[in-house]
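Commentary on secondary and tertiary structure
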Amino acid sequence: MLVAAAVCPCPPLLVPEVAAGAAPELDDARAACADALGALAAARPDRLVIVGPAEENGHGSYPEGARGSFRRFGVALDVRLGTGGTRPDAAGPELPPSLAVAAWLLESRGWADAPVEGLGVTESLAPERCAELGAELAGREARTALLVMGDASACRTLKAPGYLDERAAGFDAEAARALGAADLPALASLDAVLARELQARGRAPWQILAGAAEGAGLSGALLYEDAPYGVGYLVATWS
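Below, the structure is looked at part by part. Treat the numbers as computed from the prediction; the structure is a model and nothing was measured.

**Some thoughts on the overall build of the chain**
Looking only at helices and strands, the chain has eight helices and nine strands in total. Here the C-alpha radius of gyration of the chain, 16 Å, is about what a compact globule of 239 residues would show, namely 18 Å. Projected onto its principal axes, the C-alpha coordinates of the chain cover approximately 45 × 45 × 30 Å. Counting only residues that meet the buried cut, the chain has 54% of its 239 residues in that class. Residue pairs at least 24 apart in sequence account for 74% of intrachain contacts in the chain once pairs closer than 6 positions are excluded. With an accessible surface of roughly 10,100 Å², the chain has 52% of that area assigned to carbon and sulfur atoms. Taking the average place of the 19 positive charges on the side chains of the chain and the average place of its 31 negative ones, the gap between the two points comes to 5 Å.

**Comments concerning the sheet that holds strand β7 (residues 144-149)**
Strand pairs in the sheet, formed through backbone hydrogen bonds, run parallel or antiparallel to each other. Taken in spatial order, the seven strands line up as β3-β6-β2-β7-β1-β9-β8 in an open sheet, and their pairing is mixed. Unpaired on one side and paired on the other, β3 (60-62) and β8 (220-226) mark the two borders of the sheet. Neighbouring strand axes in the sheet, compared pairwise and without regard to direction, differ in orientation by 20° on average. When strand β2 (residues 47-53) meets β7, the two strands line up parallel, connected through five bridges. Residue pairing for β7: R47 is matched across the bridge by T144. In the packing of helix α3 (residues 97-109) onto the sheet, the strands contacted are β1 (2-8), β2, β3, β6 (116-121) and β7, and the crossing angle to β2 comes to about 140°. Along the sheet, helix α8 (residues 203-212) contacts β1, β2, β6, β7 and β9 (233-238); its crossing angle with β7, the most-contacted strand, is approximately 160°.

**A look at the environment of D151**
Tracing the chain through its elements places D151 in the loop between β7 and α5 (168-181). Take D151: its relative accessible area is 13%, and that puts it in the buried class. Beyond its immediate sequence surroundings of up to four residues, D151 is in contact with P9, C10, P11, A200, R201, G202, W206, V231, G232 and Y233.

**A closer look at α8**
When you tally the buried positions in α8, you get ten out of ten residues, the bulk of the element. Turning to α8, its buried residues are R203, A204, P205, W206, Q207, I208, L209, A210, G211 and A212.

**Quick word on the nonpolar core**
Note on soluble globular proteins: their nonpolar side chains tend to be buried together. Among the nonpolar cores identified, the biggest contains 46 residues, and L40, I50, F70, L147 and M149 are the most heavily contacted of them. If you list the elements that add at least two residues to this core, you get β1, α2 (27-42), β2, α3, β7 and β9. For this core, the leading source of residues is α3, giving eight residues. Leave out the neighbours within four places in its chain, and L147 touches A6, C8, L37, L40, L48, V49, I50, V51, A102 and L106. Listed in part, the 41 residues of the second largest apolar core include L119, L125, C130 and L133.

**Section: the layout of surface pockets**
Taken as a whole, the largest pocket spans an internal volume of roughly 550 Å³. Lining the largest pocket are 26 residues, with C10, P12, E55, P97 and R201 sitting closest to its centre. Tallied by class, residues from the lining of the largest pocket come to 17 nonpolar, four polar and five charged.

**Let's talk about the side chain of D172**
As for its position among the elements, D172 is in helix α5. For D172, a relative accessible area of 2% puts it in the buried group. A polar atom in the side chain of D172 sits 2.9 Å from the side chain of S153. Among the polar contacts made by the side chain of D172, one reaches the side chain of R156 at a distance of 2.8 Å.

**A short note on unusual backbone geometry**
Even without glycine at this site, Y163 takes up a positive phi of about 65°. Even without a glycine there, the phi angle at A182 is positive, about 50°. Relative to the helices and strands, A182 is located in the loop between α5 and α6 (184-188).

Definitions and cut-offs
Residues numbered from 1 in each chain as written. Predicted model: local features only at pLDDT ≥ 70, side-chain atom pairs only at ≥ 80, totals over all residues. Heavy atoms only, no water. Helix = DSSP H or I, 4+ residues; strand = E, 2+ residues; numbered from the N terminus. Rg over C-alpha atoms; globule rule 2.2 N^0.38 Å. Buried < 20%, exposed > 50% of the residue type's maximum accessible area, 1.4 Å probe, protein only. Contact = heavy atoms within 4.5 Å. Areas by Shrake-Rupley, 256 points an atom, 1.4 Å probe, with all protein chains shown as cover. Lys, Arg positive; Asp, Glu negative; His and termini not counted. Charge placed at Lys NZ, Arg CZ, Asp CG, Glu CD. Pairing = 2+ DSSP bridges. Axes fitted to C-alpha atoms, helices over the stretch in contact; angles between N-to-C directions. Core = buried A, V, L, I, M, F, W, Y, C linked by side-chain atoms within 4.5 Å. 1 Å grid on protein atoms, 1.4 Å probe; cavity = no way out; pocket = protein on both sides within 12 Å on 5 of 7 lines; lining within 4 Å. Points joined across faces, edges and corners; volume = space filled by probe spheres on them. Nonpolar A, V, L, I, M, F, W, Y, C, P; charged D, E, K, R; others polar. Polar contact = N/O pair within 3.5 Å; in protein donor to acceptor, adjacent residues only side chain to side chain.

Bear in mind that shape data such as this cannot, by itself, settle questions of function.
As structure tokens, then:
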């Protein structure tokens, strides 16, 4: 059963070594993420599942101990998922960036509250399949918490990665409202086509969360909402 969830953005810029001189610009987002992880720990889960966007060659499950790296972003920084599992130097697929950011967040907190596993999902995953995956995650006997990684639109300003799209602000506002209110029908009804056009890669992970939370009776709180680089970043907790 799902006992708690946290929603966090997943830009590599959350990692100060990657952001370098721009690191202070996301201090508030980092602080909100730390608070969200604290809420997860307070729920005393038996396991933590991290769900985040991944490219086609990076989707699938990642066990505790899976390795990640920020070397593709010019920083010699490696992370691993949780504290157990395989040796840090063991062979295996590298975490997609979203799960590597999550691993960094957990390491920053010193997470040792529950075993960890990861799930990378593609941007094209249909809403119906998202709901099914969420139900499968919550259907296991263990008390499960989710750390849901994903950004809102990347089209909020002229300098945004996806350039300015007038539809972006409305999409992000509705996503923020739904995540803050734990509004499952609203999350489930997010338009997958529009999300893809707006480069909102959090859509599928959020809809997995909605599927997992069905019947759990969780309430939500929005901790952070901003678009400092023209990309919508949201932090929320469900408990």
